[in-house]
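# Topology and contacts: notes
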Amino acid sequence: YDHMFGWVTIGKEDAAVKNLTDDYLEYYALTAAEYAGGYVFGVDADYNLVVMKPGLWNRQTICNLGVSAVDMTFDETTGTMYLAAKTENRWGDEVGCLYTVDLTTGALELVYAYDSVYDMPYAMTAAEGTIYAVKNANSGFYAMDAETYELVPVTDAEGNELMLNK
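All of these numbers come straight from a predicted model, not from anything done at the bench.

### Brief notes about the nonpolar core
In terms of nonpolar packing, the biggest core is built from 18 residues, with Val43, Met72, Met81 and Leu83 touching the most fellow members. Those elements giving two or more residues to this core turn out to be β3 (30–36), β4 (39–44), β5 (48–52), β7 (68–75), β8 (80–88) and β9 (94–101). Among the elements that make up this core, the one with the highest residue count is β9 (four residues). Here Met72 is in contact with Ala32, Ala33, Glu34, Phe41, Gly42, Val43, Leu49, Met81, Tyr82, Leu83 and Met124, once residues within four sequence places are set aside. Of all hydrophobic cores here, the second largest spans 15 residues; its members include Tyr82, Ala84, Val117 and Met124.

### Points about the sheet that holds strand β13 (residues 141–144)
One open sheet holds the four strands; their spatial order is β11-β12-β13-β14, and the pairing between them is antiparallel. Strands at the two margins of the open sheet, each flanked by one partner only, are β11 (123–127) and β14 (151–153). Neighbour-to-neighbour, the strand axes of the sheet open up by a mean angle of 35 degrees, direction not taken into account.

### Considering unusual backbone geometry
With phi around 50 degrees, Glu128 is a residue other than glycine that occupies positive phi space. You can see Glu128 is positioned in the loop between β11 and β12 (130–134). Not every positive phi belongs to a glycine, and Tyr149 is a case in point at roughly 65 degrees. Mapped onto the elements of the fold, Tyr149 is located in the loop between β13 and β14.

### Re the pattern of salt bridges
In the structure shown here, the tally under the stated rule is one salt bridge. Where Arg59 meets Asp44, a salt bridge forms, and the shortest distance between an N and an O atom there is 2.0 Å. Of this pair, Arg59 sits in the loop between β5 and β6 (60–64) while Asp44 sits in strand β4, and the two are 15 residues apart along the sequence.

### Digging into the sheet that holds β5
As summarised here, the arrangement of the four strands in space is β3-β4-β5-β6, forming an open sheet in which the pairing is antiparallel. Pairing within the sheet leaves two strands with one partner each, and these edge strands are β3 and β6. Within this sheet the neighbouring strands show an average axis-to-axis angle of 20 degrees, counted without direction. Pairing of β4 with β5, which is carried by four bridges, proceeds in the antiparallel orientation. Along β5, the bridge assignment pairs Gly42 with Val50.

What counts and how
Residues numbered from 1 in each chain as written. Predicted model: local features only at pLDDT ≥ 70, side-chain atom pairs only at ≥ 80, totals over all residues. Heavy atoms only, no water. Core = buried A, V, L, I, M, F, W, Y, C linked by side-chain atoms within 4.5 Å. Buried < 20%, exposed > 50% of the residue type's maximum accessible area, 1.4 Å probe, protein only. Helix = DSSP H or I, 4+ residues; strand = E, 2+ residues; numbered from the N terminus. Contact = heavy atoms within 4.5 Å. Pairing = 2+ DSSP bridges. Axes fitted to C-alpha atoms, helices over the stretch in contact; angles between N-to-C directions. Salt bridge = Lys/Arg side-chain N within 4 Å of Asp/Glu carboxyl O.

This is how it looks when you write it as structure tokens:
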């Protein structure tokens, strides 16, 4: 979802952006969204987990998550939706967290707490069972360890591939 152009898709072969609707649905104010199982799941600026059928865009609220979503990705190999979000720790400091999301109830399960919001994923995608992420505009590209959920560098900030010990 793009707040300027509504719902868009990006072509796999040519990376061309195509509008899916002419509606500029600014009232959605989604902070994260991901396609899964024929539906678009998103989190709005009021922390509500919503679901919509592409083409209809009939927003239905599942629940209020109580966290500020940054990005979502769906791992098709495990059927798991991941949510990167900002929240406050018990001392009132803003921290980053990674959750799994139950798409029926909206229940969140904390799978990893980052030391700060600077260490958390800000953009994620899933491919062939691996979650990839970017932490911020000045970071490299990361792969998420499937067992520990830690972000392991794949490239440095300039895009140079790094040697990984696995």
